[in-house]
Structure formats: C-alpha cells, structure tokens
Amino acid sequence: MKMAARFFKCGQLLSASNRMVFSAMIDRMKKMIAINVFGSAFLRPLGFMAIAAVLVFSSACTSLNSPPEEIAATPETAVLDEELLYKLLAAEFAGNAGDLDSSVDYYRQAAYLSEDGRITARAAYIALYNKQYPRVLELLERWRELEPENPDIDRMYALSYLQLHQPVEALPYVQAMLAQENDSHNEKAIAVKELLDAEIEAEDALALLEALNQAQADNPQMLILQARFTLQLEQHEAAISLLDRALEIEPSLVDVHLIKAQIYLAQGDRDRARAVLAQVLEERPDDFALRMQYARLLVEDEDYEAASEQYQIVQQKQPDNAEVSLNLALLYIEIGQLDKAARLLEHLLELDQKTNIAYYYLGRIAQNREQYKTAIAQYIRVKEGPLAFEARLRVASLFARLDRADEAIEQLQVLAQRTDEWSERVRIYLTMGEIYRSHHRYKESFEMFSRALAENSEDIDLLYARALIAEKVNRVDVAEADLLKVLSMEPDNADALNALGYTLADRTERYREARDYIQRAIALVPEDPAIMDSLGWVNYRMGELPEALKWLSRAFDKLADAEIAAHYGEVLWQAGEKDKARKVWQKGQEANARHPVLMETLQRFKP
C-alpha cells in the first residue's frame, strides 16, 4: 500500500509531457487486458508493465521542473486516470500473487471507473475463473452497458447460470448465442457441447438440452448431444428414443446407429446390437470401417465363423491390408481352417509386413500338426516383438518333445539368465518344471523350484508348482506348507484348495480336513471336473462309495481324462461293477495310456 500511495503523490505532479507517456501507458494496459473468455490460464503476468509504471512515476518524482502554476493547472481528469491505473495495477499484482478475490474486487472498481468495456470484460473473466458466479452476473450487466453487441456476453451469462445450477435461466442466453451466427446444425451442437464441457453437471446439461430441443426440434445433432448426456445418467431407453428421433430427421447418420449399438451392448443386449450393425451394413455394404467394427463384435461374442465371413469381404477388397489379413488368419486358426490361415500368413511374408507374428503363427500351425521340426524352424525366425519370448519357450518345449530334454533345459537356463523381467523368469521356471515332470525327473524339478523360490519366496505360481511336484518326491510336508502359504495370500484360490484337499486325501488319513478344503473349492467352481474328481476320491477314501460314485461319474462325463478314469474305474471295481470299470479304464488309456496314475491303478487291479 505504501507503493500505491507513492504512485498517487507523484502522479499529481506529472508534467504535460509525462501525462502523454501516462496516457500511452493506459492505452497499452487496455490492450493487455483483452483476453479470451474461455482461456484456461489466469492473466498474463504483469511483467514489464509494472516496471514501466514504476519507472514513469520515479522519473516524475526525481526531475520535477514544472512551476507551481502548471501544477495547479493539472486537469481533474488526471486524478481519475491515476485512480484507474492504481486499481488496474493493484488488480494485476493481486492476481499474480494468487489473491484472486482481491484481484476481482479491484477490477470491479476499475470497471465502474472506466468506459472501456475491455476492463469490465477483464473483471468478468477473472471472476468466472475464480468461480464467483454472482459477481460475474453483476459485471456482465455493466459490460452489456458498454458493449451491448459483444458476442461473448451471452456465452458468459449461460456459463454462469449453468454453474449456479440454473439451466432455465441459462436457456435464453444459449439461444441468443446460437442465433448470433447462421451456423449449421452441427456447428451449433458443437458450440453447445463446448459450453457443457466446462465441468457442467450432467443433470443441468440435460435440462438445458431438453429445453433447447423442445424449442427447436429439427436439429439431429442436438438430439444426439442430448442422448449422450442422457447416457451419462444411465437412462438407456430415453437415449435410444432420442437417437431414433435424430434418425427420423436425418436417416444417413451412420454414427447414430453405432451409438445405439453401444447402448445395447451396455445393456447386455448383444443380439440387438448385432442386428443394428447388420442392418446398417445392408444399406452401406462398402463401409469397411463399420464392417470391421461389426466383425470385432462377432469376435467378442465368439462367433468366429460369422466374424471370418465379415473379414473375408474386407480382405477380398483390400488383399494387401496386413491388419485385415492377419485378423482373418487368426480367425481361421480359431475355427480350425489351418490351410487357409497358413496361406494368409505366407501372404504377409510376401508383403514383408507383420513378419514376426506370421512366423509365430506358422509355427503354431506346424506344432498343432505335430510337425515339430518345422515348428521350431518357424519359431526361430521370430526375432523381436511381443511374441519373441513366447516363441523361445515353445522352441524349448518342442526340443523336449523330440527327446532332447537336456538341450531344452539348457536353452531355458540361458534364457532365464538373459531375462530381467520376473514374470518372464517365472514362465521359464514353469516351463522347465513341466519338462522335468513330463520326463519323470521329479527330484530335479523340485530342486529347480526351490532355487527359484529362493529368489522370491512369495510367488504364488512357483509355490503352487512346487507343491504339486513335492508330493511326487514324498515331501507332503512341503506340499502342505506351500499350499497353505498360497491360501494365506489368496484364501479363495480354488486350485490351491483342491490341491491341498486331494493331497491330504491321497497321502494322509486326514480325510475330514481334506474334504473341507475340497468342498470350499467346489463351492467356488461348481462345474470343475478336477474338483469333482477330488471330492469323489476323498469320499472313496472315507468308505462312502455311493457318494464317491456320484461325483466321479459327473467328473468323467465332463472330462474323460486318464487320471479321472483311474479313480472312477477303481471305485466301480470296488463297488462290484467290474465290466464298467474296464470300459472306463479303456477310455482312460485312449486319452493317455502312459499316465502314471492310470498305469499304477491298472497294475494293482490287473483287469
């Protein structure tokens, strides 16, 4: 405040020449304060203007040569200019110091001291930025007096009333704003959307749009905008009705159909969503972007046959579109048309596009056909990208299938040393464990998992994997400890509950405890055949043959694998149904004649 007092004291002694400089400063200040109403930042910092003002006044105070009579002749309007300048400078200093309340107050005072509408605009803008909406409305009245034709005034009125949750009061100003220019329907809708994007509550936005569309119901874009805000409030049927009205006005609006499809998807009505897109495609068969969207929806619904038909249409028109060819190839793989998939993947190689992905899936096709050497050759060509790591794991697994397990393990050990990502190292360890298990090298598998857990003893996947292999090396204590540790971290882990229950049922006499674990697992996953098998097995161990047969028959109906066949056949044999047991064991052998559990069972019973 002492600086401001000094300004006033020096300002009264300005010479005629200095008053000219002072007047020029005022004009420059006025130019500086004209900013856009919807700028997101506060005011441009005062900077050199403040320094210039101090220099002018300082010069006036240090070189005062005017005679007393000239001072007396200073016009009264100079005092008014000094007061206005003080208010403007004080407003700027307060604003740059972060005191927006004071800045607004000073600018408001300046607005009534000046006939320049830009000062009032500056005051209104700052008040709006500071969310002082009643003060904005007051300043807008003053601004309207000074610049009645300024187009930003209606916009600011509308925005202020909307922020005050008064959409009815905002309506006439929005209508006036839209009437200022002879804009198209789309441009008017964009203008309203920009207004409503300023953190307006959805309820207030919707009330305004309802009123606008009641007053003028021929703008389909405004109806679409209303539908979008209706969707924000999860009023799906009302949104559909608005979109249908928009289509009645302008049937060619394809995007409206897409929005309708998205609404149906949000409601879980995928059939109606598909029907909408299919209908539009009949009318616009060459709209490939729409057809691709329809195809993606079909993929999400796992209707791969129908999705591949849509991709075929696009691929025929765009044979060198790598994205389309790749997606169609993957669909062909999904539905088992491997020859067609291979041709498309080879076409990608000819185009020299997406080559790493193409080599990977050509490897998958060869592996599916048990052409393991060909698959390895394809996987090795995957040099980079997200599938390169997966390809290396598969190469190692295929070496093991070719009875080159030691080479496979060596490759995986080298890969683990070069891999920094823990999740990738876990996958390497799990792959090594599977190779050891498939070759009945249980002790090496157990030791490998123990070394891996020394790196991270909290990894659930490794704990579970070691628990399964620990039982094979007669370390039931380790298996139980690992599974209990998993359950301490994930109490609802159905796999761990089932594994613990089965281990206790198969390797101890703690049957009731085992059954409790298995019952908790089946409550979580009622249709899992592995858990049904465990529940049947524990009931068999407890001597409850009817209950055991009930669960084992259900498990075998769902999954006729070798281990379930071994258990089911054993219980049937003990129940006196030996012919049925033999048939069940035969089916188990067809699934996997070398399964160790089935082989051990058949050796005991010698059917």
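Residues numbered from 1 in each chain as written. Predicted model: local features only at pLDDT ≥ 70, side-chain atom pairs only at ≥ 80, totals over all residues. Heavy atoms only, no water.

Participant: Could you clarify how one ought to interpret the overall build of the protein in this entry?
Facilitator: Scanning the protein for helices and strands turns up 35 helices and zero strands. Of the roughly 31,000 Å² of accessible surface on the protein, 48% is carried by carbon and sulfur atoms. (Helix = DSSP H or I, 4+ residues; strand = E, 2+ residues; numbered from the N terminus. Areas by Shrake-Rupley, 256 points an atom, 1.4 Å probe, with all protein chains shown as cover.)

Participant: Looking at this structure, how should I read the pattern of salt bridges?
Facilitator: Where charged atoms from two side chains of opposite charge approach closely, those side chains can pair. Applying the stated criterion to the full structure yields 36 salt bridges. A salt bridge links D406 to R441, with the shortest nitrogen-to-oxygen separation between them at 3.1 Å. Taken together, the residues D406 in helix α24 (residues 405-418) and R441 in the loop between α25 (422-438) and α26 (442-455) connect sequence positions 35 residues apart. In this structure, the salt-bridge partner of E458 is K485, at a minimum N-O distance of 3.2 Å. With E458 in the loop between α26 and α27 (460-470) and K485 in helix α28 (residues 476-489), this residue pair connects regions lying 27 residues apart in the sequence. Within the structure, one salt-bridge network assembled from shared partners comprises R270, R274, E300, D301 and D303. (Salt bridge = Lys/Arg side-chain N within 4 Å of Asp/Glu carboxyl O.)

Participant: I'm lost on the side chain of N356 in this one. Help?
Facilitator: Structurally, the position occupied by N356 is in helix α21 (residues 355-368). The exposure class assigned to N356 is buried, which follows from its relative accessible area of 18%. In this structure N356 touches R381, V382, K383 and E384, once residues within four positions along its chain are discounted. (Buried < 20%, exposed > 50% of the residue type's maximum accessible area, 1.4 Å probe, protein only. Contact = heavy atoms within 4.5 Å.)

Participant: Quick question: what am I supposed to make of the packing of aromatic side chains here?
Facilitator: A ring pair, where both rings are aromatic, is described by two values, the distance of the centres and the angle of the planes. In the structure shown here, the tally under the stated rule is 13 aromatic pairs. Here the aromatic rings of Y157 and Y161 are separated by 6.4 Å at their centres, their planes lie at 15 degrees, and the arrangement is stacked. You can see Y157 and its partner Y161 sitting in helix α9 (residues 152-163), four residues apart, about one turn around the helix. Comparing Y157 with Y161, the two get one shared label, buried. Geometrically, the ring pair formed by Y157 and Y173 is stacked, given 4.3 Å between the ring centres and 15 degrees between the ring planes. (Phe/Tyr/Trp six-rings, centres within 6.5 Å; stacked < 30°, edge-to-face > 60°.)

Participant: How should the packing of helix α17 (residues 288-300) against helix α18 (residues 304-317) be read in this particular structure?
Facilitator: Packed helix pairs are specified by the crossing angle of their axes together with the interaxial distance, meaning the distance between the axes. Axis separation between α17 and α18 bottoms out at 8 Å; the angle between their running directions is 155 degrees. Regarding the angle of α17 to α18, the classification is roughly antiparallel. Between α17 and α18 lies a crossing whose hand is left-handed. Contact with α17, carried on its side by F288, R291, M292, Y294, A295, R296, L298 and V299, involves Y304, A306, A307, Q310, Y311, I313, V314 and K317 of α18 and no other residues of that element. Classifying every residue of the contact of α17 with α18 by side-chain character gives twelve nonpolar, one polar and three charged. (Axes fitted to C-alpha atoms, helices over the stretch in contact; angles between N-to-C directions. Parallel < 35°, antiparallel > 145°, perpendicular 65-115°, else oblique. Left-handed = near helix turned anticlockwise from the far one by under 90°. Nonpolar A, V, L, I, M, F, W, Y, C, P; charged D, E, K, R; others polar.)

Participant: For this particular structure, what's the right way to read the nonpolar core?
Facilitator: Across soluble globular proteins, nonpolar side chains show a tendency to be buried alongside one another. Grouped together as the largest cluster of nonpolar side chains are 137 residues, with contacts concentrated most on L345 and I428. Per-element accounting of this core gives the leading share, nine residues, to helix α23 (residues 388-401). Those residues in contact with L345 that lie beyond four places of it in its chain are L326, A329, A358, Y361, L362 and I365. Residues M156, V174, L196 and I200 belong to the second largest nonpolar core, which totals 47 residues. (Core = buried A, V, L, I, M, F, W, Y, C linked by side-chain atoms within 4.5 Å.)

Participant: Quick question: what am I supposed to make of the confidence of the model for the protein here?
Facilitator: Where the model shows low pLDDT, its predicted coordinates should not be examined in detail. Considering every residue of the protein, the mean pLDDT works out to 84; 87% of them sit at 70 or more. Within the model, the stretch residues 28-80 combines pLDDT values under 50 with 82 contacts to residues more than four positions away or in other chains. (pLDDT = per-residue confidence, 0-100.)

Participant: How should the environment of P491 be read in this particular structure?
Facilitator: Assignment of secondary structure puts P491 in the loop between α28 and α29 (494-507). Sequence spacing of P491 and R520 is 29 residues, and the spatial spacing of their C-alpha atoms is 10.0 Å. Those residues within four positions of P491 in sequence are excluded, and the remaining contacts are L497 and R520.

Participant: What exactly am I supposed to notice about helix α31 (residues 529-541) here?
Facilitator: Structurally, the α-helix is built with 3.6 residues per turn, so residues lying three or four positions apart point the same way. Over its 13 residues, α31 extends 18 Å from the first C-alpha to the last, a length consistent with the 18 Å expected when each residue adds 1.5 Å. Among the 13 residues that make up α31, eleven are buried, leaving the element largely enclosed by the rest of the structure. Residues of α31 that are buried sit in contact with α29, α30 (511-524), α32 (545-558) and α33 (562-574). Directly after α31, the chain includes G543, whose backbone phi takes a positive value near 85 degrees. (Expected span 1.5 Å × (residues − 1).)

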